[in-house]
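Structure at a glance
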Amino acid sequence: MMAETTGKQQSELDNRPLADSHSEDQELGEDGILDAKVERVYRKLDLRIVPALWVLYFLCAAVRSNVGLSLTMNMETGNSLSQKLKLSPHQISTGLALFYVCYVLFDVPANLIMTKLSPHVWMSRVVVGVGIVGACHAALSAGWNFYLIRILLGIVIAGMWPGMAYYLTLFYPPSRTGKRIGQYFTAAQVSAAVAGLVSAGFQKMNGYGNLTGYQWMFLLYGIVTFLLGILILWWLPDRPKAPGSPQEPRKGYKKFLPKEKPALKGEDAMIHYQDLTRVYHAPPWGLRELWNVLCDWRIWPLTFMYFGVVGVGIGVQSFGTLIIRAAVPGLTSIQLSLLFAPIWVCDLIAILIFTPLSDRFHRHRYLFFIFPALLQVAGLLITTYAGSIDNPWPRYVGLLIVGFGLGPTVPNCMAWTNEIFQPRHGDIGVAAATALVSGLGNTGSITTTYALYTGWASDNVPGPLQFRKSNLVMVGIVSMSVCSAVLMAVLVTVVDGGVGKRGHNAGAVLDGAARRELRGQRGLKGIFGLGRGSKTGGEGGSRGGPVTESAEEVVRE
């Protein structure tokens, strides 16, 4: 566990002035100076953390989802995964669903373990495991080992997605995590788009070295992912420690790991400590605290929100090429791969538009979930009913609309979970709630991969009615997500006194970030580099006045 500072050290940290004031700073006001310095610190953290999370999620998402592409790769020559292994549609659905069953079962335990260990070491373990299991997909030879490899992949990757959301709350206030989750979530969209394009190249390698195109794809992705998992030990910072904390002795497995490099130093570390004090002095948790999280009713609306949108996302990711082939018959495997990519480009664009705005208007985050979810409903209806045999392309446009609607929903759901549970339950609240929402919500993935697109007799009959019933089921589960979001917003307003209320538990730390949020939302202020505090510039910390308010104004446990 993290070493804590002594009372004397802590008092010095809380009251230490960081620089002399200047007349220009006085014009800006103390709040403006502090806001500018805090923004600078979070931008530095962005450069260290977000790229690493983006790359690891890119590769892990590719390893996880490439199986969908492998089903149709080199189908003309009989060298697709389904043809080589002689898999029936039911076996394919079962194998895909087994992955999510294991993911659901192990999500919460994996995330809870992460709170007790070095988070960057745990993330490295996840990525290394995904790389090894991903490469083993190249050795598949029968239906039973297809099932086994999907089970193993579900186990090793469990906890990665909620773990990244929890990891962010160690460095950022929950109200600022939506943008960052969205930024690294774009890796999944880029991965899906690039995988579609790159798979066209892998299909050209079919037969080289007596390997099929999909075998080359799994093997190379697995090797690169394994190497990245090792690199993560140097790239990602460990849990932040208060300035002045004594160095912990390197015991056990830590003796064999590279020495940790702190995310921030000097004045930046002090600013971060005072802005996010709650993270540095998080209380230990046990079964009682975990039980309190499990009994919090707020988990269930968030879970149903996640269930629908992630179910549709995984459904499109796993069966998108089949839906396109049904809508536009006669396409080659390479053409399918190329048409699959724009769906995820639309997804990425929507993330970049909506997730930063949802952080700036975080008290109305539910609106940034509901509107994109309604776009998914509209897109699915267009895919189901638009177009004709002579002009099937409107159905493909419907898939593009679905992709655009998918983008912001999952990041906003996870950010809202962080925002609701950290003030109420602290460290354990974020870890358990994000894992529960992600894990239980991924039963939507099981639904769409096991029951849909192969479960109806009409799904196997080519023509304009193919996949209609499966599409309408996805319309239903997304509509459930919309209703859950509306219900959540209403209940939070009625029970907690407003969507923007923090709901602190007794004795919670009211640090700089918490006081800043009490002043209101950021809105559009500074979004184009304008607004209060902009005069301090990119490295304005050396020109500011005192960074903190007096110690008497800081409430501690």
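Residues numbered from 1 in each chain as written. Predicted model: local features only at pLDDT ≥ 70, side-chain atom pairs only at ≥ 80, totals over all residues. Heavy atoms only, no water.

Some thoughts on the overall build of the chain
Check the secondary structure of the chain and you find 20 helices and 0 strands. Burial status across the chain gives 59% buried among its 557 residues. For the chain, restricting intrachain contacts to residue pairs at least 6 apart in sequence, the fraction spanning at least 24 positions comes to 84%. When the accessible surface of the chain is split by element, carbon and sulfur atoms take 66% of a total near 21,600 Å². (Helix = DSSP H or I, 4+ residues; strand = E, 2+ residues; numbered from the N terminus. Buried < 20%, exposed > 50% of the residue type's maximum accessible area, 1.4 Å probe, protein only. Contact = heavy atoms within 4.5 Å. Areas by Shrake-Rupley, 256 points an atom, 1.4 Å probe, with all protein chains shown as cover.)

Considering the nonpolar core
Residues Leu53, Leu56, Met160, Trp161, Met164, Val312 and Ile324 are the most contacted members of the largest nonpolar core, which totals 147 residues. With 20 residues, helix α17 (residues 393–441) is the single largest residue contributor to this core. Excluding residues within four positions of it along the chain, Ile324 makes contact with Leu331, Leu336, Leu339, Phe340, Ile343, Tyr396 and Leu399. (Core = buried A, V, L, I, M, F, W, Y, C linked by side-chain atoms within 4.5 Å.)

Remarks on the confidence of the model for the chain
Summarising the model, the chain shows a mean pLDDT of 80, and 83% of its residues fall at 70 or more. Here residues 1–28 is a poorly scored stretch, pLDDT under 50, and it has 68 contacts once near neighbours within four places are set aside; other chains count. Low pLDDT (under 50) marks residues 530–557, which in the prediction has 81 contacts with non-local residues, meaning those over four places away or in another chain. (pLDDT = per-residue confidence, 0-100.)

Structural notes on the layout of surface pockets
Its volume calculated, the second largest pocket comes out at about 630 Å³. Forming the boundary of the second largest pocket are 26 residues, of which Arg239, Lys241, Gln247, Glu260 and Pro262 lie nearest the centre. When its residues are assigned to classes, the lining of the second largest pocket shows 12 nonpolar, 4 polar and 10 charged. (1 Å grid on protein atoms, 1.4 Å probe; cavity = no way out; pocket = protein on both sides within 12 Å on 5 of 7 lines; lining within 4 Å. Points joined across faces, edges and corners; volume = space filled by probe spheres on them. Nonpolar A, V, L, I, M, F, W, Y, C, P; charged D, E, K, R; others polar.)

Structural notes on helix α16 (residues 367–385)
When the terminal C-alpha atoms of α16 are compared, their 27 Å separation across 19 residues agrees well with the 27 Å that a helix rising 1.5 Å per residue should span. Looking at α16, one finds that the buried residues are Phe368, Phe369, Ile370, Pro372, Ala373, Leu375, Gln376, Val377, Gly379, Leu380, Thr383 and Thr384. Contact partners of the buried residues in α16: α14 (299–327), α15 (333–360), α17 and α19 (468–496). Just past α16, the residue Gly387 takes up positive phi, approximately 75 degrees. (Expected span 1.5 Å × (residues − 1).)

Focus: the packing of helix α5 (residues 89–116) against helix α8 (residues 160–168)
Axes are the key here: two packed helices are described by the angle between their axes and the distance separating the axes. For the pair α5 and α8, interaxial distance at closest approach is 8 Å and the crossing angle is 30 degrees. As far as their axial angle goes, α8 and α5 are roughly parallel. Once α5 is placed against α8, the crossing between them reads as right-handed. Across the interface between the two elements, Tyr103, Asp107, Asn111, Met114 and Thr115 of α5 pack against Trp161, Pro162, Gly163, Tyr166 and Tyr167 of α8. Of the residues assigned to the contact of α5 with α8, the class counts are 6 nonpolar, 3 polar and 1 charged. (Axes fitted to C-alpha atoms, helices over the stretch in contact; angles between N-to-C directions. Parallel < 35°, antiparallel > 145°, perpendicular 65-115°, else oblique. Left-handed = near helix turned anticlockwise from the far one by under 90°.)

With respect to empty space enclosed by the protein
To locate leftover empty space, one rolls a probe as large as a water molecule over the atoms. In total, this model carries 7 cavities of 30 Å³ or more according to the counting rule given. By volume, the largest cavity amounts to about 260 Å³. Along the walls of the largest cavity sit 21 residues, with Tyr57, Arg64, Phe185, Val310 and Ile314 positioned nearest its centre. Among the elements of the structure, α3 (30–70), α5, α9 (177–204), α14, α15 and α17 are those that each provide at least two residues to the lining of the largest cavity.

Section: a nonpolar patch on the surface
A cluster of nonpolar side chains, contributed by Ile132, Leu220, Ile223, Phe226, Leu227, Ile230, Leu231 and Trp234, occupies part of the molecular surface with about 740 Å² of accessible area. Looking at the element boundaries, Leu227 is found in helix α10 (residues 213–235). (Patch = residues over 30% accessible without salt bridge, like charges linked within 9 Å, V, L, I, M, F, W, Y side chains within 5 Å. Salt bridge = Lys/Arg side-chain N within 4 Å of Asp/Glu carboxyl O.)

Quick look at the environment of Pro258
Following the sequence through the fold, Pro258 ends up in the loop between α10 and α11 (266–275). Since its relative accessible area comes to 16%, Pro258 is described here as buried. Along the backbone, Pro258 and Leu233 are 25 residues apart, and their C-alpha atoms lie at a distance of 6.9 Å. Non-local contacts of Pro258, meaning those with residues more than four positions away in its chain, are made with Leu233, Trp234 and Arg250.

A look at the side chain of Asn145
Secondary-structure assignment places Asn145 in helix α7 (residues 143–157). With relative accessibility at 11%, the residue Asn145 sits in the buried group. A distance of 3.1 Å separates a polar atom in the side chain of Asn145 from the backbone nitrogen of Ala142. (Polar contact = N/O pair within 3.5 Å; in protein donor to acceptor, adjacent residues only side chain to side chain.)

Looking at the packing of aromatic side chains
Tallied over the entire structure, the rule returns 19 aromatic pairs. Taking 6.0 Å as the distance between ring centres and 90 degrees as the angle between the ring planes, the aromatic pair formed by Trp393 and Tyr396 counts as edge-to-face. Taken together, the residues Trp393 and Tyr396, both in helix α17 and 3 residues apart, mark about one turn of the helix. In this structure an aromatic cluster arises from ring pairing among Tyr57, Trp161, Tyr184 and Phe185. Taking the ring centre of Trp285 as reference, the NZ or CZ of Lys116 above it sits at 4.4 Å. Looking at Arg125, its charged tip hangs above the ring of Trp122, at a distance of 4.2 Å from the centre. (Phe/Tyr/Trp six-rings, centres within 6.5 Å; stacked < 30°, edge-to-face > 60°. Lys NZ or Arg CZ within 6 Å of the ring centre and 35° of its normal.)

Let's talk about the packing of α14 against α17
Their axes nearest at 7 Å, the elements α14 and α17 cross at an angle of 150 degrees. Judged by the inter-axis angle, α14 sits roughly antiparallel to α17. Remark: the crossing between α14 and α17 carries left-handed chirality. Class assignment for the residues of the contact of α14 with α17 results in 27 nonpolar, 6 polar and 1 charged.

What to know about the pattern of salt bridges
Evaluated as defined, the whole model comprises 9 salt bridges. For Arg176, the salt bridge identified is with Glu39, shortest N-O distance 2.7 Å. A residue pair is termed long-range when its members are at least 10 positions apart, and Arg176 in the loop between α8 and α9 and Glu39 in helix α3 qualify at 137 residues. Glu39 sits in the partly exposed class, given a relative accessible area of 24%. Overlapping salt bridges, with partners in common, bring together Arg40, Lys44, Glu267 and Asp268 in one network.

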